[in-house]
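Okay, here's what each chain looks like letter by letter:
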Amino acid sequence: MLLLTVLTLLGTALFAQENNTGIPTRSDTIQIRKRGGGYQFYMDEKKLNSRELKQALKPSERASRELRSAKFSAAMASVFGYAGGFMVGWPLGTAIAGGKPMWALAGAGAGLIAVSIPFSLSANKKMRRAVHTYNNGSSPAAFRNRGALHFKTTGNGAGLAFLF
């Protein structure tokens, strides 16, 4: 379980924006603030939940599209991460209980956790892009497409593909 927690924390690239200029921000600007182990979204000093963030980004079609893409990537990260965590946890629990653990299952679980990391990184990058697009009306140069890691399935199996 400790391994899963460490891998999850390492795999979550988090982000923040600060207004260090001393210039007041627009009242409709969304800020991202680090809180504990995660980030929260604020508008006019009011914390936004997921539904409120979606509503706030709605006026910008590009930002809404990025948010949907970020949520899909986050969902894929969760699916792979939770499945991998279960597959690692089951043999560990068996070993602690004194049984004969299936270490191959734990290895496959670690692989699924590793697959979840690029999805998590992608979700965070897309979330930054969505908020930036909303705040500035355009995509920043730092987020221009430099390639992406995708999970692909074919008639021959499944794998990761780097597309650029």
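Before reading further, recall that the structure is shown in the block above.
None of these values were measured; they are calculated from a predicted model.

Basis of the calculations
- Residues numbered from 1 in each chain as written.
- Predicted model: local features only at pLDDT ≥ 70, side-chain atom pairs only at ≥ 80, totals over all residues.
- Heavy atoms only, no water.
- Axes fitted to C-alpha atoms, helices over the stretch in contact; angles between N-to-C directions.
- Helix = DSSP H or I, 4+ residues; strand = E, 2+ residues; numbered from the N terminus.
- Parallel < 35°, antiparallel > 145°, perpendicular 65-115°, else oblique.
- Left-handed = near helix turned anticlockwise from the far one by under 90°.
- Contact = heavy atoms within 4.5 Å.
- Nonpolar A, V, L, I, M, F, W, Y, C, P; charged D, E, K, R; others polar.
- Buried < 20%, exposed > 50% of the residue type's maximum accessible area, 1.4 Å probe, protein only.

Peer 1: So what exactly am I meant to see when it comes to the packing of helix H2 (residues 50-57) against helix H3 (residues 61-96) here?
Peer 2: If you want to describe how two helices pack, look at the angle between their axes and the distance between the axes. One way to put it is that H2 packs onto H3 with a least axis distance of 8 Å and a crossing angle of 150°. One finds that H2 runs roughly antiparallel with respect to H3. Judged by the sense of rotation from one axis to the other, the crossing of H2 with H3 is left-handed. Note on element contacts: H3 touches H2 through Ala-63, Ser-64, Leu-67 and Lys-71, opposite Ser-50, Leu-53, Lys-54 and Leu-57. Partitioning the contact of H2 with H3 into residue classes produces four nonpolar, two polar and two charged.

Peer 1: What should I look at first to understand unusual backbone geometry in this one?
Peer 2: Peptide bonds are, in most cases, trans, and in most cases residues other than glycine have a negative phi. A positive phi is found at Asp-44, a non-glycine position, where the angle reads about 55°. For Asp-44, the position within the fold is in the loop between strand S2 (38-43) and strand S3 (46-48). A relative accessible area of 52% means that Asp-44 is categorised as exposed. For Glu-45, which is not glycine, the phi torsion reads 65° and is therefore positive. Take Glu-45: its relative accessible area is 59%, and that puts it in the exposed class.

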